[in-house]
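# Residue-level structural notes
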Amino acid sequence: MTGGLKDGETDEEFLHSPFIRKQGNIYKPNNKDMDNDSLNEKTMEDVHTKEIDLVNRDPKHINDDVVKVDFEDVIAEPAGTYSFDGVWKASFTTFTVTKYWCYRLLTALVGIPLALIWAVVPCVKSYLIEIHCVSRVYSICVHTFCDPLFEAMGKCFSSIRIRLTKEV
């Protein structure tokens, strides 16, 4: 069992220690624990182990031109006429929580199916490209064997005439 062990490892360490990925985890592939040799060997970054930033979710600023709506942009009171502080706080809380949960629910209901469609459509396109040669062969076979048969049957049955008469 020592054939697969690295230098300094014993059979007991291998059997009793949990598996530890030494090349980083799925969220941080370039950990400090990685050897320089393994970095040199891996010239291309693996797309599936790209680091995910959960704080800045728009690092390329794609949504900078999108209108950002805050409470102050929608609800405002003129100077001198204010509502009760409790009403203002409740309005702010209602607006903020509603906006937050509506966005979350809509992304869960619409975002996940759209992501699945985004993943499935290229697979379907790839399948259609691959099956195209089979469909061409099938089409040639149908036109070669079935078309003459159906044309002959059509000519045979074209001379049949049916006459309906009503007897009184």
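Since the model is a prediction, treat every value here as computed from it, not as a measurement.

## Describing the layout of surface pockets
Roughly 280 Å³ of internal volume is contained in the second largest pocket. Residue lining of the second largest pocket: Arg57, Asp58, Asn63, Lys99, Tyr100, Tyr103 and Arg104, and that is the complete set. The residue makeup of the lining of the second largest pocket, split by class, is two nonpolar, one polar and four charged.

## A closer look at the UniProt feature "transmembrane region" (unreviewed entry) in the protein
Mapped onto this numbering, the UniProt entry annotates "transmembrane region" (unreviewed entry) at residues 101-121. As a span, residues 101-121 carries 100% helix and 0% strand, and end to end its C-alpha atoms are 29 Å apart.

## Re unusual backbone geometry
Of note in the backbone geometry, His61 takes a positive phi value of approximately 55 degrees without being a glycine. Within the fold, His61 resides in the loop between helix H2 (36-41) and helix H3 (71-74). His61 sits in the partly exposed class, given a relative accessible area of 49%.

What counts, and at which threshold
Throughout, a residue's number is its position along its own chain's written sequence, starting from 1. In view of the model being predicted, local features appear only for residues whose pLDDT reaches at least 70, and side-chain atom pairs are presented and counted only at 80 or more, with totals across whole chains, interfaces and linings using the full set of residues. To get the side-chain values, take all heavy atoms of the structure and skip hydrogens and water. Space inside and on the surface of the protein is sampled on a 1 Å grid over the protein atoms alone, with a cavity defined as a set of points where a 1.4 Å probe fits but cannot get out and a pocket as an open set with protein on both sides within 12 Å along at least 5 of 7 lines; lining residues have an atom within 4 Å of a point. Grid points are joined across faces, edges and corners, and a volume is the space filled by probe spheres set on the points. Gly is put with the polar residues, along with every residue not named as nonpolar or charged; the nonpolar set is Ala, Val, Leu, Ile, Met, Phe, Trp, Tyr, Cys and Pro, and the charged set is Asp, Glu, Lys and Arg. UniProt positions are given in the numbering used here, feature names are shortened, and annotations may be inferred rather than shown by experiment. In DSSP terms, a helix is any run of H or I states spanning at least four residues, a strand is any run of E spanning at least two, and both are numbered starting from the N terminus. Note on exposure labels: buried denotes an accessible area under 20% of the residue type's maximum, exposed denotes more than 50%, and partly exposed covers the range between, all computed with a 1.4 Å probe on protein chains only.

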